[in-house]
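Observations on the model geometry
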Amino acid sequence: ECVSGCVCPEGLFDDGRGGCVEEKDCPCSHNNQWYSPGQKITVDCNTCTCQKGLWSCTEDLCYGTCTIYGSGHYITFDGKFYDFDGNCEYVATQDFCGDKNSSGSFSIITENVPCGTTGVTCSKAIKMFLGKTELKLENKDYKEIQRDIGDDVQYWNRTVGLYLVIEASNGVMLIWDKKTTVFIKLTPDYKGKVCGLCGNFDGKSNNDFTTRSGLQETNALKFGNSWKQSSMCPDVTEEIKPCDVKPHRKSWAEKECTIIRSEVFKICHSKVDPMPFYEACVHDACSCDSGGDCECFCSAVAAYAQECTKAQACVFWRTPDICPIFCDYYN
């Protein structure tokens, strides 16, 4: 809030902390934190420097990331958060958009199946089409199928911690936790050129609900239904609220998920709004009632932790009691 006025002598500015400074010494504010002149912060892939009370940022184009996790939670490339529970195969993202004959180089399909008895669905398998290669990720592993049509697109795979990472030469990267979480990363070349449940990656979240036929939709269910792969699958007609179906699980779910809103994640709260992640966590903890309820809870908290890390707020939330990972086993 570096403004000249009657609080400071002529030529000096209120620094927001009760002092008066010269303009060159004005601090900058970001996410309720103050930064001194010359200090740098990272936002996405850009670096911002504090100069005379204002941020000066580089303007590199960044990778886009779409996240699909738990029982039907989606965060599009442009940051729109929504839920869609469909029992079918759906186009997560592809660059075969526009007219029927448009050519593209990749397509990623998510196969959703019921997880638990409440009717919500989780991603069970992912199919990745890269030119003439089809990769199917399922049961903690992946297999390659060669098709007759398409170009040659090279790809590499590697394991990073808990994740299997597949990186292709056309600028597409898929990161999978071998369970129900998948991150899709695209280079800036794809801005505005993709379609599917992950949106169109044009920097605006208000037009992400573009259906297969190119119409703007406001309803997540109609939008999601348009991207199913098979017309044999039934349309989703209502949003499932698993905590209403299983009220006896609700208080347990709310108690477990409060970690997202607790002191543990305090440094992240001003950077990433915890509420949608908390609500998604309660939804998942209620819905996973046929075993694996801890896994659903842990995936939901991990999704928030991942967004916090992206926002430069690294939180060590796992403990021997809460979602431990046995690192020696994975190394």
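Residues numbered from 1 in each chain as written. Predicted model: local features only at pLDDT ≥ 70, side-chain atom pairs only at ≥ 80, totals over all residues. Heavy atoms only, no water.

**Focus on the nonpolar core**
Nonpolar side chains in soluble globular proteins generally cluster together in the buried interior. Core analysis: the biggest nonpolar cluster contains 43 residues, and Ile 108, Ile 184 and Leu 186 have the highest contact counts within it. Sequence-distant contacts of Ile 108, defined by excluding residues within four places in its chain, comprise Tyr 90, Val 91, Ala 92, Thr 93, Ile 126, Lys 127, Met 128, Val 172, Leu 174 and Ile 184. Counting residues in each nonpolar core, the second largest holds 29 residues, with Ala 253, Val 282, Ala 303 and Cys 308 among its members. (Core = buried A, V, L, I, M, F, W, Y, C linked by side-chain atoms within 4.5 Å. Buried < 20%, exposed > 50% of the residue type's maximum accessible area, 1.4 Å probe, protein only. Contact = heavy atoms within 4.5 Å.)

**Comments concerning the sheet that holds strand E11 (residues 89–94)**
The strand order across the open sheet built from 5 strands is E11-E12-E13-E14-E15, with neighbouring strands paired in antiparallel fashion. Each end of this open sheet is capped by a strand with a single partner; those strands are E11 and strand E15 (141–146). Neighbouring strand axes in the sheet, compared pairwise and without regard to direction, differ in orientation by 25 degrees on average. (Pairing = 2+ DSSP bridges. Helix = DSSP H or I, 4+ residues; strand = E, 2+ residues; numbered from the N terminus. Axes fitted to C-alpha atoms, helices over the stretch in contact; angles between N-to-C directions.)

**Structural notes on the side chain of Thr 211**
Summarising the element assignment, Thr 211 is placed in the loop between strand E19 (182–186) and helix H1 (220–226). Judged by relative accessible area, Thr 211 falls into the buried class, the value being 8%. Apart from residues lying up to four places away in sequence, Thr 211 is in contact with Glu 217, Phe 223, Ser 226 and Trp 227.

**Regarding the sheet that holds strand E6 (residues 46–51)**
The strand order E5-E6-E7 describes an open sheet built from 3 strands, whose pairing is antiparallel. Among the strands making up the open sheet, the edge pair consists of strand E5 (40–43) and strand E7 (54–57). Between one strand and the next, the sheet's axes are offset by a mean angle of 35 degrees, whatever the strand orientation. When E6 meets E7, the two strands line up antiparallel, connected through 4 bridges. Across the sheet, the residue bridging to Cys 50 is Trp 55, located in E7.

**Section: the pattern of salt bridges**
Here the structure, examined in full by the defined rule, presents 12 salt bridges. The partner of Asp 152 in a salt bridge is Lys 132, and the shortest N-O contact between them spans 3.9 Å. Here Asp 152, found in the loop between E15 and strand E16 (155–160), pairs with Lys 132, found in the loop between strand E13 (121–130) and strand E14 (133–138); they are 20 residues apart in sequence, far enough to count as distant. For Lys 310, the salt bridge is made with Glu 307, and the minimal N-O distance between the two is 3.2 Å. Separated by 3 residues within a single helix, Lys 310 and Glu 307 lie in helix H6 (residues 293–310), roughly one turn from each other. Its relative accessible area of 36% is what places Lys 310 among the partly exposed residues. Classification of Glu 307 by relative accessible area gives buried; the value is 13%. (Salt bridge = Lys/Arg side-chain N within 4 Å of Asp/Glu carboxyl O.)

**A short note on helix H5 (residues 275–287)**
End to end, H5 covers 18 Å across 13 residues, agreeing with the expected 18 Å (1.5 Å per residue, within 8%). Of all 13 residues in H5, 10 are buried, a share of seventy percent or more. Within the sequence span of H5, burial applies to Phe 277, Tyr 278, Ala 280, Cys 281, Val 282, His 283, Asp 284, Ala 285, Cys 286 and Ser 287. (Expected span 1.5 Å × (residues − 1).)

**A closer look at the domain arrangement of the protein chain**
As a measure of interface size, the accessible area lost when the parts come together is often cited. Domain parsing of the protein chain yields domain 1 (13–57), domain 2 (64–226) and domain 3 (242–311). Between the C-alpha centres of domain 1 and domain 3 the distance comes to 34 Å. (Domains from an automatic or database assignment.)

**Re helix H3 (residues 247–257)**
Since the α-helix packs 3.6 residues into each turn, any two residues three or four apart lie on the same face. Taken as a whole, H3 has its buried residues at Arg 249, Ala 253 and Cys 257. Down the axis of H3, the buried set is contained in an arc of 60 degrees. They therefore lie on one face. Opposite the buried face of H3, by more than 90 degrees, sit the exposed residues Pro 247, His 248, Ser 251 and Lys 255. (Arc of directions from axis to C-beta.)

**A word on the packing of aromatic side chains**
As enumerated under the stated definition, the model contains 12 aromatic pairs in all. Aromatic pair Phe 81 and Phe 277: ring centres 5.0 Å apart, planes at 90 degrees, arrangement edge-to-face. Of this pair, Phe 81 sits in strand E10 (residues 81–83) while Phe 277 sits in helix H5; the two residues are 196 residues apart in sequence, bridging distant segments of the chain. Judged by relative accessible area, Phe 81 falls into the partly exposed class, the value being 26%. You can call Phe 277 buried: its relative accessible area is 4%. Ring geometry for Phe 209 against Phe 223: centres 4.7 Å apart, planes inclined by 20 degrees, an arrangement best described as stacked. Placement of the pair is Phe 209 in the loop between E19 and H1 and Phe 223 in helix H1, with a sequence separation of 14 residues. As far as burial versus exposure is concerned, Phe 209 and Phe 223 are alike and both buried. Taken together, the ring pairs in this structure connect Tyr 74, Tyr 82, Phe 209 and Phe 223 into an aromatic cluster. It is Lys 80 that lies over the ring of Phe 209; its NZ or CZ is 4.7 Å from the centre. The ring of Tyr 278 carries the charged tip of Arg 261 above its face, separated from the ring centre by 4.5 Å. (Phe/Tyr/Trp six-rings, centres within 6.5 Å; stacked < 30°, edge-to-face > 60°. Lys NZ or Arg CZ within 6 Å of the ring centre and 35° of its normal.)

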